[in-house]
Amino acid sequence: NSKVIQTPRYLVKGQGQKAKMRCIPEKGHPVVFWYQQNKNNEFKFLINFQNQEVLQQIDMTEKRFSAECPSNSPCSLEIQSSEAGDSALYLCASRTGTTNTGQLYFGEGSKLTVL
Amino acid sequence: GDSVTQTEGQVALSEEDFLTIHCNYSASGYPALFWYVQYPGEGPQFLFRASRDKEKGSSRGFEATYDKGTTSFHLRKASVQESDSAVYYCALGYNVGDNSKLIWGLGTSLVVNP
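This is a predicted model, so every value here is computed, not measured. (Residues numbered from 1 in each chain as written. Chains lettered and ligands numbered in written order. Predicted model: local features only at pLDDT ≥ 70, side-chain atom pairs only at ≥ 80, totals over all residues. Heavy atoms only, no water.)

**Some details on the state of the cysteines**
Residues and elements named next belong to chain A.
Piece 1. For the structure shown, the criterion picks out 3 disulfides over all chains.
Piece 2. Across the disulfide, Cys23 is cross-linked to Cys92 (sulfur-sulfur distance 1.9 Å). In this structure, the disulfide formed by Cys23 and Cys92 twists by about -65° around the S-S bond and is classed as left-handed. One end of the pair, Cys23, is in strand β3 (residues 19–24); the other, Cys92, is in strand β9 (residues 88–95), with 69 residues separating them in the sequence. (Disulfide = S-S within 2.5 Å. Helix = DSSP H or I, 4+ residues; strand = E, 2+ residues; numbered from the N terminus.)

Below, the structure is given as structure tokens:
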């Protein structure tokens, strides 16, 4: 069964280091989301794409975070200079493009720990 | 802005108990409402969605009815099993314009004891 594949499952970084996570969305899903889930289970939307184009993103993403979804390559989310507050589970999700309220398919997440 | 409130942070039940997890929302428009479930070590999984007032969503024995009057979408299951232990999230989203992201509640952790 196809599903959303996220790598790596775990990252440990020092403050100031780069942290990069990758996501392969479900086959045929043009819309990809990145969420940050903190230890209190809060979901924070970071960015979403339709094909290679950014649909929405938050200010945090614009400043220290960079993300892309190139054609024929995994999507990626990179933190340029990690901070302790970035420690969280980063979830990638995909869906079809037919409706904004379609089912999201999530990966298992990449758990980032910033020391 | 729009928001989703789940009043119970944690619910502890025994097998075969009846489950209710409360979800209330505040929305400027007419959103679709969702329930997702997250098992330990996994990403959230879609349970079901409802898009209109009085519509009932259901899956795996869970159900919820969209109630625009009380702005609620409470999750219910008649008889829980230990395998239902997980975190349950209520969320809302819109099907119009560029607003494609979901607004999530803080989740309700369900623990079912054998």
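**A word on the interface of chain B and chain A**
Piece 1. Each side of the interface is counted separately: chain B has 24 residues, and chain A has 24 residues.
Piece 2. A combined buried area of about 1,800 Å² lies between chain B and chain A, and 52% of that area is made up of carbon and sulfur atoms.
Piece 3. Remark: the boundary between chain B and chain A carries 0 salt bridges.
Piece 4. Applying the counting rule to chain B against chain A returns 6 residue pairs in polar contact (both at pLDDT 80 or more). (Contact = heavy atoms within 4.5 Å. Buried area = accessible area lost by both parts, 1.4 Å probe. Salt bridge = Lys/Arg side-chain N within 4 Å of Asp/Glu carboxyl O. Polar contact = N/O pair within 3.5 Å; in protein donor to acceptor, adjacent residues only side chain to side chain.)

**Brief notes about the environment of Trp35 of chain B**
Piece 1. Of note, Trp35 of chain B is situated in strand β5 (residues 32–38).
Piece 2. Linking Trp35 of chain B and Asp67 of chain B, residues 32 residues apart in sequence, is a C-alpha distance of 14 Å.

None of the figures reported here should be taken as evidence of function without further support.
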